[in-house]
Amino acid sequence: MDLIGKALTMSDLVAYSDGSVVSKTLIDKKVGTLTLFSFDAGQGLSEHTAPYDAFVQVVDGEAEVTIAGEPHTVATGQMIIMPANVPHELKALKPFKMLLVMIRA
């Protein structure tokens, strides 16, 4: 589906899947990416680091994002920035969708 120049509802662009994590890349450029994710309850991303700051906007649901060992609960309409080179992980507390923005600079 061509996304450019269209008004779209972000939460409709990626579906939930039982017991799974689903991702859809919206933009992938040398300077950065926009990726939409859906997580079934209990699913997540294990602890890792990234060389760039990562911006997460919660589109639907609720998750726990842990940054440097400190947990943060984020819900629909909220955002959190995960700093570069700091360990972070996330887990869906209920089915959850997020937009991940990575700017490589």
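Because the structure is a prediction, the values reported are computed rather than measured. (Residues numbered from 1 in each chain as written. Predicted model: local features only at pLDDT ≥ 70, side-chain atom pairs only at ≥ 80, totals over all residues. Heavy atoms only, no water.)

## Focus on the nonpolar core
Phe 39, Val 65, Met 82, Phe 96, Met 98 and Leu 100 are the most contacted members of the largest nonpolar core, which has 18 residues in total. At the level of elements, strand E2 (32-39), strand E4 (54-60), strand E5 (62-67), strand E7 (79-82), strand E8 (88-92) and strand E9 (96-103) are the ones that each hand at least two residues to this core. Aside from chain neighbours lying at most four places away, what touches Met 98 is Thr 35, Leu 36, Phe 37, Phe 39, Val 56, Gln 57, Val 58, Val 59 and Leu 90. Counting residues in each nonpolar core, the second largest holds seven residues, with Leu 13, Leu 36, Val 59 and Leu 99 among its members. (Core = buried A, V, L, I, M, F, W, Y, C linked by side-chain atoms within 4.5 Å. Buried < 20%, exposed > 50% of the residue type's maximum accessible area, 1.4 Å probe, protein only. Helix = DSSP H or I, 4+ residues; strand = E, 2+ residues; numbered from the N terminus. Contact = heavy atoms within 4.5 Å.)

## Considerations on the sheet that holds E5
Strands in a sheet are paired, the pairing made by backbone hydrogen bonds, and the direction either parallel or antiparallel. Spatially, E3-E8-E5-E6 is the arrangement adopted by the four strands of the open sheet, whose pairing is antiparallel. The open sheet has two edge strands, strand E3 (44-48) and strand E6 (70-75), and neither has a second partner. Here the strands of the sheet are splayed against their neighbours by 20 degrees on average, with no regard to which way each runs. The pairing of E5 with E8 spans five bridges and is antiparallel. (Pairing = 2+ DSSP bridges. Axes fitted to C-alpha atoms, helices over the stretch in contact; angles between N-to-C directions.)

## Focus: the sheet that holds E9
One open sheet accounts for five strands, arranged E1-E2-E9-E4-E7; its pairing is antiparallel. If you trace the sheet from one side to the other, it starts and ends with strand E1 (21-29) and E7, each paired once. Strand-to-strand twist across the sheet, computed as the mean angle between neighbouring axes with direction ignored, equals 20 degrees. Two strands pair when backbone bridges link them, and E4 and E7 are joined in this way by four bridges, in the antiparallel orientation. What sits directly across from Val 56, in E7, is Ile 80.

## Observations regarding the packing of aromatic side chains
When we look at a pair of aromatic rings, we describe it by the centre distance and by the angle of the planes. Per the counting criterion, the structure on display carries two aromatic pairs. Taking 5.8 Å as the distance between ring centres and 20 degrees as the angle between the ring planes, the aromatic pair formed by Phe 37 and Phe 39 counts as stacked. The exposure classification of Phe 37 matches that of Phe 39, with both residues buried. Arranged with centres 5.2 Å apart and planes meeting at 25 degrees, the rings of Phe 39 and Phe 96 form a pair that is stacked. Separated by 57 residues along the polypeptide, Phe 39 in strand E2 and Phe 96 in strand E9 bring together distant segments of the chain. Comparing Phe 39 with Phe 96, the two get one shared label, buried. An aromatic cluster is built from Phe 37, Phe 39 and Phe 96, whose rings are joined through pairwise contacts. Against the face of Tyr 16 rests Lys 97, its NZ or CZ located 4.7 Å from the ring centre. (Phe/Tyr/Trp six-rings, centres within 6.5 Å; stacked < 30°, edge-to-face > 60°. Lys NZ or Arg CZ within 6 Å of the ring centre and 35° of its normal.)

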